[in-house]
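Survey of secondary and tertiary structure
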Amino acid sequence: MRFFLVSMLFLAGAMLVGCTKKPLTDEEVIRGVIDKVARAAEKKDIQSIKNAISRSYHDSQGNDYDAINGFLLAHFFHSEKVGVTLTVSEATVEGEKAKSHTEAFLTRVQAGSGVAGYIARDADYYRFDLVWQKEEGEWKLLSASWGPMEKL
């Protein structure tokens, strides 16, 4: 009887090991990339952000891939602490291209504001409309437009 129970437990364990999670959909992968970029922004990790961007990138502000570095440096330099809270993140995939719509609260504590800055923060609610392209099996940001929600 003991042999039977041990054998059944071993078989059940082997079956569990053989079960794999269902692969993520492209939409889920894109939402995951957006979340990783948001976390990288909070850490002011420009390289991690740029890893998610296509070399063919361009945006509604006139930036290309090379200009993104300066754009991010300028924004991060003026902020002691950056916060990103995603509220909406949707993606629609059509073949090798995709579009996403993300809304987020962006907060920052201005550099040099001391302890008071952690109480009085700048905060805005932004909308990001993003176009993605699959490059070598990975989703990369191809273009973007964004702005405060009250102006859209």
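Look up: the structure comes first, before these words.
What you see is a predicted model; the values in this text were computed from it and never measured.

Looking only at helices and strands, the chain has four helices and five strands in total. Helices and strands in the chain line up, N terminus first, as α-α-α-β-α-β-β-β-β. By residue count, 30% of the 152 residues in the chain fall in the buried class. Here the contacts in the chain between residues at least 6 apart in sequence split such that 56% fall between residues at least 24 apart.

It is worth spelling out the pairing of strand S4 (residues 122-135) at this point. Pairing analysis gives ten bridges linking S4 to strand S5 (residues 138-148), with the strands arranged antiparallel. Bridge pairing in S5 links Leu 130 to Ala 144. Here S4 folds back onto S5, and the loop between the two strands holds two residues, one of which, Glu 136, carries a positive phi near 50°.

Right, let's get into the nonpolar core. Judged by nonpolar contacts, the single largest core of 26 residues is most densely connected at Ile 30, Ile 49, Ile 53, Tyr 57, Phe 76 and Trp 132. At the level of elements, helix H2 (26-42), helix H3 (46-50), strand S1 (53-59), helix H4 (65-77), strand S2 (79-94), strand S3 (97-110), S4 and S5 are the ones that each hand at least two residues to this core. With six residues, H2 is the largest single contributor of residues to this core. Setting aside residues no more than four positions away along its own chain, Phe 76 makes contact with Ala 41, Lys 44, Ile 46, Ile 49 and Val 82.

It is worth spelling out the pattern of salt bridges at this point. In the structure shown here, the tally under the stated rule is five salt bridges. The salt bridge involving Glu 42 is made with Arg 39; its shortest N-O contact spans 3.1 Å. Remark: Arg 39 and Glu 42 occur in helix H2; sequence separation between them is three residues, near one turn of the helix. On the basis of relative accessibility, which here comes to 30%, the residue Arg 39 falls in the partly exposed class. Between Lys 140 and Glu 138 there is a salt bridge; the shortest N-O distance is 3.9 Å. The exposure class assigned to Lys 140 is buried, which follows from its relative accessible area of 14%.

Right, let's talk about the layout of surface pockets for a bit. Within this model, the largest pocket holds a volume of roughly 960 Å³. Contributions of two or more residues to the lining of the largest pocket are made by H2, S1, H4, S2, S3, S4 and S5. For the lining of the largest pocket, the leading source of residues is S4, giving seven residues. Across the lining of the largest pocket, the residue classes tally to 25 nonpolar, five polar and three charged.

Our next topic: H4. In this model H4 runs 19 Å from its N-terminal to its C-terminal C-alpha over 13 residues, within 8% of the 18 Å that 1.5 Å per residue would give. Among the residues of H4, those classed as buried are Tyr 65, Ile 68, Leu 72 and Phe 76. In an axial view of H4, the angular spread of the buried residues amounts to 50°, which keeps them on one side of the axis. Exposed residues on H4 whose side chains face more than 90 degrees from its buried face are Asp 66 and Phe 77. Close packing links the buried residues of H4 with H2, H3, S1 and S2. A distance of 3.2 Å separates the backbone nitrogen of Asp 66 from a side-chain oxygen at the start of H4, and that oxygen is part of Asp 64.

Conventions used here
Residues numbered from 1 in each chain as written. Predicted model: local features only at pLDDT ≥ 70, side-chain atom pairs only at ≥ 80, totals over all residues. Heavy atoms only, no water. Helix = DSSP H or I, 4+ residues; strand = E, 2+ residues; numbered from the N terminus. Buried < 20%, exposed > 50% of the residue type's maximum accessible area, 1.4 Å probe, protein only. Contact = heavy atoms within 4.5 Å. Pairing = 2+ DSSP bridges. Core = buried A, V, L, I, M, F, W, Y, C linked by side-chain atoms within 4.5 Å. Salt bridge = Lys/Arg side-chain N within 4 Å of Asp/Glu carboxyl O. 1 Å grid on protein atoms, 1.4 Å probe; cavity = no way out; pocket = protein on both sides within 12 Å on 5 of 7 lines; lining within 4 Å. Points joined across faces, edges and corners; volume = space filled by probe spheres on them. Nonpolar A, V, L, I, M, F, W, Y, C, P; charged D, E, K, R; others polar. Expected span 1.5 Å × (residues − 1). Arc of directions from axis to C-beta. Polar contact = N/O pair within 3.5 Å; in protein donor to acceptor, adjacent residues only side chain to side chain.

Function cannot be inferred from these measures alone, as they are strictly geometric.
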